[in-house]
Structure formats: structure tokens, C-alpha cells
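Observations on the model geometry
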Amino acid sequence: MSINAYGAHAGDKPLEPMTITRRATGAHDVRIEIAYCGICHSDLHQARAEWAGTQFPCVPGHEIVGRVAQVGAHVQGFAVGDLVGVGCIVDSCKHCQDCDEGLENYCDGMVGTYNFPTPDAPGWTLGGYSQAIVVHERYVLRIRHAPEQLAAVAPLLCAGITTYSPLRHWQAGPGKKVGIVGIGGLGHMGIKLAHAMGAHVVAFTTSESKRDAALALGADEVVVSRNEDEMRAHGKSFDLILNTVAAPHDLDALLVLLKRDGSMALVGAPATAHPSPNVFNLIMKRRTLAGSMIGGIAETQEMLDFCAEHNLVADIELVSAHDINASYERMLKGDVKYRFVIDNSTLGA
Ligand code: NAP
Ligand code: ZN
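Quantities reported herein were computed from a predicted structural model and do not represent experimental measurements.

Moving on, we come to the pattern of salt bridges. Enumeration according to the criterion identifies 20 salt bridges in this entry. Notably, a salt bridge pairs K94 with D91, separated by 2.8 Å at the nearest N-O pair. A network of salt bridges, in which partner residues are shared, links R23, D29 and D120.

The structure is reproduced here in C-alpha cells:
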């Protein structure tokens, strides 16, 4: 079935309207009419071919929410009309150790929501800047927020889980001092989630203008990272630093803020490498420099339920499909509070 979408035909071309097809709803599939889709910085990296291997046409979007329109004969967990979400994963091998442990995000056969090989036309996955998507029920999430919160729930499907998973893994909670670096889509969710988990939260920003906003999001303290005195005041004090910055930067300035046995988890995925950190900043205090990628399906459901229970959603700016290119430019300037979300009903306009 042919539907409207928005995507790029080349890395140096703006996104534009296009039509795509979705497979027929299989026995284990759920067909979702997409109501909203968040704009993640990864969408920009991929659509502009900043990361290697972009297939064109590229339809980004992996913060998908909507209602079930059709279910396959063997689908038991979902019914037509249910509020659901799809994040960054639409398939995996389903039988490796990672899949068995609910960590499909680390399965070597993971199929991302866009730009991953699939038997469906055109041969790679096409994401949520589109009117509908067909996904195996294993990768569909249930949304328990109120329907009127739906647009602001969308960013939880990537920004939410990508920050929730490392915060849980490194045990953010009462008695822990947690830094969140970069107050964008991921970072603002990191602040909200770490605060809800009970940690002492310090936000790091390059933008003086975000100081008050970070406190309003739930940060206990804010550091403007260009200010060396403010940075020095937090030396050797953090249990965990979650780094969401989308561009190469000096990791040493942050590593020295970790206490003994502290960890910095990188989730930002810049197109070019960070300058190499000084190994002595790791050795001297047995510090860990780590990475983390999104989260598994069960953990994503856990995160959505945690957010519903704590009444957490993203702070969003709703945009029409025709604003996507302008939104990319504003995201690059850090000019978004804190996630653009596309109203997918405008794809038909
Ligand atoms: P975003 O909304 O653009 O936020 C990134 C923030 O980083 C900015 O708002 C800015 O915050 C800070 N920053 C500082 N210097 C920057 C610079 N030169 N360029 C860009 N940002 C700069 O992006 P996002 O959607 O949160 O994504 C952040 C990164 O995480 C991207 O690289 C994305 O691809 C990656 N990502 C990774 C995963 C994963 O699984 N690991 C999942 C999703 C996204 P301040 O103004 O506060 O300094
Ligand atoms: Zn994302």
C-alpha cells in the first residue's frame, strides 16, 4: 500500500515529500497509523550521510507513536485502536544471547527502524516520517500515558530509552551524583529521568541561556562547561556522567570530574572522532569510559511505564512535515526546547 512520507534522495539534498510502500500486515505484524514522530539528531546524521552507509531514498524517524490500524492473525498483545509506539528497533535475530536476555539492541542481527537491510521494498528500512508502519509485534510498545500526551511521548522511544538504559545500568539513584552533558533531546530526558530516579543531577551545557531551563527540568545544579572555574568545582565528584553531545569535544575535561571508579557513558555519536583522551585520566582513579546504545524492548516498555507512572514526557515543539529541514538547522544550532516532533497528519497536506 502506497503512503506519504518525507525523506532525502541524497545527503546534500533537503528532505522532500515522497511516496513509499509498506508490506502487507503479516500474521505477527501490527500496522500502525503514525500520529507523531520525533526528530532525533541521529536522523540528521543519517539523512545527511554524516555516518557511513546511508541508503537513498532515506526516510528517517525512530520516535514513532500512533494507533494500531490492523493486526495479523497471530497477534495477541495488541488490538485495533491501541496507543502504541515503535523506537529504533523493528527486528532482530530473536535467538541469540542478546535477544534471549532482552537486549535486542545489541543483537548482531538487529534491524534498525531506518537504513537497515530488509526484504521489504526498497531493500532497506524506512522510518517514521511517514503515515504508517508495519512492525512485528515483538518490537511494538504499549503506551499508558493519556492520549492527549501522545506527541510528547514520542521522544521517549529514542531519547528516553537511550538515557534511561545507561542510568539504570550504572545505577543512578539516591546517593549518586550524576552529570548529564548536553541539554538537547537526549540530555533533557536524561535530566528528567535521573531526577525521577532520585540521583543528584548536574547538567552540563555550552549554552548559558539554558541555565534556568536545566533547573526547571530537574537538575540540582548547572555547569556552563566553557567556564573552567565552574568545572573545577566539581573535580573528582561524579559517580556517573552521561554524555549526549553530538559533536567531537574534549573528554578529558569531563573524565577528571569522575571520582574513583566513576564512569562516563558516551551516547552521543558524532560523525567524526573525539580527540583521544589522556589514558592517565582513566588509570589514576580506575575510571571507566564506556558507551551505550538505546535499550532493549523490555527495558523500553519498562521506561515507558516508569514515565507514565511519574507523569514524565518530553518538552516538545510540534512541527509540520514542511518544517523538517528548518528543524534540522535549528537543532544544529542547539535552538530547540528540547525535541521537535512532527505532526504526521501534515504528511497528507
Ligand atoms: P541534540 O538535540 O542536537 O542535542 C545535542 C546537544 O549537545 C546540544 O543541544 C548541545 O547542548 C550539545 N552540544 C554541544 N556542542 C555541540 C555541537 N558542537 N554540536 C551539537 N551539539 C552540541 O541531539 P540528540 O538528539 O539529543 O542526540 C545527541 C547525540 O546522541 C547525537 O549524536 C545522536 O546521533 C546520538 N544518539 C545516540 C543514541 C545511542 O543509542 N547511543 C541514540 C540516539 C541518539 P548544550 O546547548 O546544552 O551544550
Ligand atoms: Zn534517536
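What follows covers the domain arrangement of the protein. The domains assigned to the protein are domain 1 (2–158 + 315–346) and domain 2 (160–291). Computed from C-alpha coordinates alone, the two centres of domain 1 and domain 2 are separated by 27 Å. With 12 residues of domain 1 at the contact, the number on the domain 2 side is 17 residues. Here domain 1 and domain 2 share an interface that buries about 1200 Å² over both sides, 55% of which is from carbon and sulfur atoms.

On to the nonpolar core, then. I39, Y129, L167, I191, L193, I324 and Y328 are the most contacted members of the largest nonpolar core, which has 96 residues in total. Counting contributing residues, this core receives three or more from each of domain 1 (2–158 + 315–346) and domain 2 (160–291). Counting residues in hydrophobic clusters, the runner-up holds 15 residues, among them F204, V223, L257 and L258.

Let us now look at the coordination of the zinc ion (ligand 2). Protein coordination at the zinc ion (ligand 2) comes from C40 (SG), H62 (NE2) and C158 (SG), with a distance range of 2.0 to 2.2 Å. Of note, the zinc ion (ligand 2) draws all its donor residues from one chain, in the sequence arrangement C-x21-H-x95-C. Placement of C40 in the loop between strand 3 (29–38) and helix 1 (41–47) and of H62 in the loop between helix 1 and strand 4 (64–71) is noted, with a sequence separation of 22 residues between them. Accessibility assignment for this pair places C40 and H62 in one class, buried.

Moving on, we come to the site of ligand 1. The immediate surroundings of ligand 1 are formed by 28 residues, with H41, T205, T206, S207 and R339 found nearest. Between ligand 1 and H45, the relevant distance is 2.9 Å, taken from an oxygen atom to a side-chain nitrogen or oxygen of the residue. In this structure, an oxygen atom belonging to ligand 1 sits 2.6 Å away from a side-chain N or O atom of T205. In the complex, the protein chains occlude 87% of the 910 Å² of accessible area that ligand 1 would expose alone. Sorting the residues of the shell around ligand 1 by element identifies helix 1 and helix 5 (185–196) as the ones contributing at least two each. Sorting elements by how many residues they give to the shell around ligand 1 places helix 1 first, with three residues. Residue classes in the shell around ligand 1 are distributed as 13 nonpolar, 13 polar and two charged. Counting the residues that make up the shell around ligand 1, at least three belong to each of domain 1 (2–158 + 315–346) and domain 2 (160–291).

To continue, consider the packing of helix 4 (residues 159–169) against helix 5. Axis angle and axis distance: for two packed helices, these are the angle between their axes and the distance between the axes, and together they describe the pair. Between helix 4 and helix 5, the least distance of the axes is 8 Å, while the angle of their chain directions is 50 degrees. Judged by the angle between their axes, helix 4 and helix 5 are oblique. Crossing handedness for the pair helix 4 and helix 5: right-handed. Counting all contacts with helix 4, which are made through A159, G160, T162, T163, Y164 and L167, the residues of helix 5 involved are G185, L186, M189, G190, L193 and A194.

If you walk through the whole model with that rule in mind, you get two aromatic pairs. Consider the rings of F204 and F238, whose centres lie 5.6 Å apart with planes at 55 degrees: the pair is tilted. Taken together, the residues F204 in strand 11 (residues 200–205) and F238 in strand 13 (residues 238–243) connect sequence positions 34 residues apart. The pair F204 / F238 is uniform in exposure class, with both members buried. Above the ring of F306, the side-chain terminus of R168 is found at 5.2 Å from the ring centroid. Lying across the ring of F238, K177 places its NZ or CZ 4.6 Å from the centre.

Next up on the list: a nonpolar patch on the surface. On the surface, V279, F280, I283 and M284 cluster together into a nonpolar patch covering about 440 Å² of accessible area. Take M284: it is sitting in the loop between helix 9 (280–283) and strand 15 (288–291). Classification of M284 as exposed rests on a relative accessible area of 61%.

Applying the stated criterion across every chain, the model contains zero disulfides. No disulfide involves C37; its sulfur sits 9.6 Å from that of C40, the nearest cysteine. Take C37: its relative accessible area is 0%, and that puts it in the buried class.

One way to put it is that helix 4 packs onto helix 10 (residues 297–309) with a least axis distance of 10 Å and a crossing angle of 100 degrees. With respect to each other, helix 4 and helix 10 are oriented roughly perpendicular. For the pair helix 4 and helix 10, the contacting residues are G160, I161, Y164, S165 and R168 in the first and E299, T300, E302, M303 and F306 in the second. Class assignment of the residues belonging to the contact of helix 4 with helix 10 gives a composition of four nonpolar, three polar and three charged.

The rules behind these values
Residues numbered from 1 in each chain as written. Chains lettered and ligands numbered in written order. Predicted model: local features only at pLDDT ≥ 70, side-chain atom pairs only at ≥ 80, totals over all residues. Heavy atoms only, no water. Salt bridge = Lys/Arg side-chain N within 4 Å of Asp/Glu carboxyl O. Domains from an automatic or database assignment. Contact = heavy atoms within 4.5 Å. Buried area = accessible area lost by both parts, 1.4 Å probe. Core = buried A, V, L, I, M, F, W, Y, C linked by side-chain atoms within 4.5 Å. Buried < 20%, exposed > 50% of the residue type's maximum accessible area, 1.4 Å probe, protein only. Donors = N, O, S within 2.8 Å, 3.2 Å for Na, K, Ca; no water. Helix = DSSP H or I, 4+ residues; strand = E, 2+ residues; numbered from the N terminus. Near = heavy atom within 4 Å. Polar contact = N/O pair within 3.5 Å; in protein donor to acceptor, adjacent residues only side chain to side chain. Areas by Shrake-Rupley, 256 points an atom, 1.4 Å probe, with all protein chains shown as cover. Nonpolar A, V, L, I, M, F, W, Y, C, P; charged D, E, K, R; others polar. Axes fitted to C-alpha atoms, helices over the stretch in contact; angles between N-to-C directions. Parallel < 35°, antiparallel > 145°, perpendicular 65-115°, else oblique. Left-handed = near helix turned anticlockwise from the far one by under 90°. Phe/Tyr/Trp six-rings, centres within 6.5 Å; stacked < 30°, edge-to-face > 60°. Lys NZ or Arg CZ within 6 Å of the ring centre and 35° of its normal. Patch = residues over 30% accessible without salt bridge, like charges linked within 9 Å, V, L, I, M, F, W, Y side chains within 5 Å. Disulfide = S-S within 2.5 Å.

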